[in-house]
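Survey of secondary and tertiary structure
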Amino acid sequence: MAEVEVKFEREDLEGIVAEGSYLIDVAKRFGVRFGEPCDVQANLHHCSVIITSGADLLSADTKAESDYFAVNGRKANERLACQAKIERAGEIVIMTKEKAQDPKANDAASEDRSEQYRKEFAEMPLETKIKNLVQLETIALGETVSYIINSPFTIADKIMDVMAEFGFRKEEQQKSAVRPEEHKAEKSDGSSNGKRKASKRKDTPS
């Protein structure tokens, strides 16, 4: 299968993906998130992107895209990541929407708070420092003991397995729900043709 080079401009992320991938799956692989899952039936999408280069390498517009852009308007080379599939090899450059709140800003704020706490801790009297450390250790120890008592390893492992399986199935269901009907039809036709060919070979006398 041919490989395709994809780059997300705003996030400054790039890599190689397989031909046949949907842009939304490529985004998830690179760590790019769009927010809430799309709802094709309700015509709600949060995954619109601008294809700044390589738009001709993608599948044709789907009905879901036509319906969505008819209501919300459309910019040049705008696509829905959950509908656009990479069909040809080459290079694709994608620009995502600017987020209302930059995660990097949250990280910076968190770092500032940590630095402020370190400064305040450094200025504390020795006795106060020791008292705070003892309190933190007591809380951590209590939570650890409680977890060990209430969560036997075998039960915890089974719970984790069930949760992982449930998460996988839910993700697959979400993917299937937003897949374009046009692409599902193409896949179904391909499978039917394959079965007919196999049947024909079986009936041919040796």
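What counts, and where the lines are drawn
- Residues numbered from 1 in each chain as written.
- Predicted model: local features only at pLDDT ≥ 70, side-chain atom pairs only at ≥ 80, totals over all residues.
- Heavy atoms only, no water.
- Helix = DSSP H or I, 4+ residues; strand = E, 2+ residues; numbered from the N terminus.
- Buried < 20%, exposed > 50% of the residue type's maximum accessible area, 1.4 Å probe, protein only.
- Contact = heavy atoms within 4.5 Å.
- Areas by Shrake-Rupley, 256 points an atom, 1.4 Å probe, with all protein chains shown as cover.
- Pairing = 2+ DSSP bridges.
- Salt bridge = Lys/Arg side-chain N within 4 Å of Asp/Glu carboxyl O.

1. Some thoughts on the overall build of the protein chain
- In terms of helices and strands, the protein chain carries 6 helices and 5 strands.
- The helix and strand sequence of the protein chain, counted from the amino end, reads β-β-α-β-α-β-β-α-α-α-α.
- Here the protein chain holds 206 residues, and 22% of them are scored as buried.
- Taking the intrachain contacts of the protein chain between residues at least 6 apart in sequence as the baseline, contacts between residues at least 24 apart amount to 67%.
- Of the roughly 14800 Å² of accessible surface on the protein chain, a fraction of 54% belongs to carbon and sulfur atoms.

2. Some points on the pairing of strand 5 (residues 91-96)
- Relative to strand 5, strand 1 (residues 3-8) runs parallel, the two sharing 4 bridges. Paired with Val6 across the strands is Ile92, a residue of strand 5.
- Pairing geometry for strand 3 (residues 48-53) and strand 5, over 4 bridges, is antiparallel. By the bridge assignment for strand 5, Val49 is matched with Thr96.

3. Structural notes on the pattern of salt bridges
- The final tally for this structure, using the stated rule, is 5 salt bridges.
- Across the pair Arg74 and Asp61 runs a salt bridge whose closest N-O atoms are separated by 2.7 Å. Placement of the pair is Arg74 in the loop between helix 2 (63-72) and strand 4 (78-80) and Asp61 in the loop between strand 3 and helix 2, with a sequence separation of 13 residues.
- Here Asp61 falls in the partly exposed class, since its relative accessible area comes to 38%.
- Glu87 is the partner of Arg88 in a salt bridge, and the nearest nitrogen-oxygen pair spans 3.7 Å.

4. Some words on the side chain of Ser59
- Checked against the element boundaries, Ser59 lands in the loop between strand 3 and helix 2.
- Non-local contacts of Ser59, meaning those with residues more than four positions away in its chain, are made with Arg79, Gln83, Ala84, Lys85, Glu87 and His183.

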